[in-house]
Amino acid sequence: MCGLIGWLSKNQNVPTDRVRTYIVDQFQDQISRGTKGFGLVEIGDDGYTNVLRATSEAKMLLDAYSSKVRNLFLHHRSPTSSENTLDQTHPMEIEHEELTYVWNIMHNGTIHNADELKKAHEALGYVYLTEHKVKYTNYSS
């Protein structure tokens with residue numbers, strides 16, 4: 001299960017503290033949708049984007065309260081088919097030569113044919129960057 005929250009404003013007069021407060025208050029209202037993985041997307045007035053990731057609520061709240069932008073999006077989750085690691089938090093960045101823009105994608109739900117779709121996408125040249133690769137160290141001699 002996931003939660004998606006966003007504030008997008010063209011109004012340059014909106015105080016950034018109002019945006020932060022809205023995001024955090026809305027998160028509190030829907031906290032049951034997940035507290036095990038967070039991604040904040042900041043979009044500056046100039047269109048610059050910054051992604052902040054966290055696996056703990058405390059880090060996400062620090063990031064949210066530190067934000068100084070008028071356009072802010074939060075994805076929070078309870079992992080259903082993956083671990084709670086930074087490389088698997090949303091948003092997922094989508095970039096490809098066929099696309100005009102780099103996209104930051106967030107979703108709510110579980111994809112049940114992920115392996116099949118992954119093969120099809122990779123055949124088209126897409127690269128999955130959120131695939132968690134477990135690294136093991138052998139300490140035995």
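Going by the structure above, here's the rest.
This write-up is about the structure you can find in this document. Note that this is a predicted model, so its numbers are computed, not measured. (Residues numbered from 1 in each chain as written. Predicted model: local features only at pLDDT ≥ 70, side-chain atom pairs only at ≥ 80, totals over all residues. Heavy atoms only, no water.)

Observations regarding the overall build of the chain
Step number 1: A tally of regular secondary structure across the chain gives 3 helices and 6 strands.
Step number 2: Starting at the N terminus, the α and β elements of the chain follow one another as β-α-β-β-α-β-β-β-α.
Step number 3: Considered along the principal axes of its C-alpha atoms, the chain spans approximately 55 × 40 × 30 Å.
Step number 4: Buried positions account for 30% of the 141 residues belonging to the chain.
Step number 5: Here the analysis covers contacts within the chain between residues at least 6 apart in sequence; of these, 68% occur between residues at least 24 apart.
Step number 6: Working note: accessible area of the chain is about 9,400 Å², and carbon and sulfur atoms make up 52% of it. (Helix = DSSP H or I, 4+ residues; strand = E, 2+ residues; numbered from the N terminus. Buried < 20%, exposed > 50% of the residue type's maximum accessible area, 1.4 Å probe, protein only. Contact = heavy atoms within 4.5 Å. Areas by Shrake-Rupley, 256 points an atom, 1.4 Å probe, with all protein chains shown as cover.)

A closer look at the environment of Gln-88
Step number 1: Mapped onto the elements of the fold, Gln-88 is located in the loop between strand 4 (71–77) and strand 5 (92–94).
Step number 2: Each C-alpha atom of the pair Gln-88 and Phe-38 lies 9.6 Å from the other, and the pair is 50 residues apart in sequence.

Considering the sheet that holds strand 4
Step number 1: Strand order in the open sheet made by the 4 strands is 1-4-2-3, with antiparallel pairing throughout. Each of the sheet's edge strands pairs with one partner strand only, and the pair in question is strand 1 (2–7) and strand 3 (49–54). With direction set aside, neighbouring strand axes in the sheet form an average angle of 10 degrees.
Step number 2: Where strand 2 (residues 38–43) and strand 3 come together, 6 bridges link them in antiparallel fashion. Within strand 3, the residue paired with Ile-43 across the bridge is Thr-49. (Pairing = 2+ DSSP bridges. Axes fitted to C-alpha atoms, helices over the stretch in contact; angles between N-to-C directions.)

Side note on the pattern of salt bridges
For side chains bearing opposite charge, pairing can occur when the charged atoms are close.
Step number 1: A full pass over the atoms with the stated rule returns 3 salt bridges.
Step number 2: We note a salt bridge from Arg-70 to Asp-45, for which the minimum N-O separation is 3.1 Å. Of this pair, Arg-70 sits in the loop between helix 2 (57–66) and strand 4 while Asp-45 sits in the loop between strand 2 and strand 3, and the two are 25 residues apart along the sequence.
Step number 3: Judged by its relative accessible area of 17%, Arg-70 falls in the buried class.
Step number 4: Given the relative accessible area of 45%, Asp-45 is considered partly exposed.
Step number 5: Asp-63 serves as the salt-bridge partner of Lys-59, at 2.7 Å between the closest nitrogen and oxygen. Of the two residues, Lys-59 and Asp-63 are both situated in helix 2; the distance of 4 residues between them amounts to about one turn of the helix.
Step number 6: Of the residues examined, Asp-63 reaches a relative accessible area of 11% and is grouped as buried. (Salt bridge = Lys/Arg side-chain N within 4 Å of Asp/Glu carboxyl O.)

Some details on the layout of surface pockets
Step number 1: In this structure, the second largest pocket occupies an estimated 180 Å³ of space.
Step number 2: Taken together, Thr-49, Asn-50, Val-51, Glu-93, Tyr-101, Val-102, Trp-103 and Asn-104 make up the lining of the second largest pocket.
Step number 3: Mapped onto the lining of the second largest pocket, the elements with two or more residues apiece are strand 3 and strand 6 (103–105).
Step number 4: Top element by residues in the lining of the second largest pocket is strand 3. It accounts for 3 residues. (1 Å grid on protein atoms, 1.4 Å probe; cavity = no way out; pocket = protein on both sides within 12 Å on 5 of 7 lines; lining within 4 Å. Points joined across faces, edges and corners; volume = space filled by probe spheres on them.)

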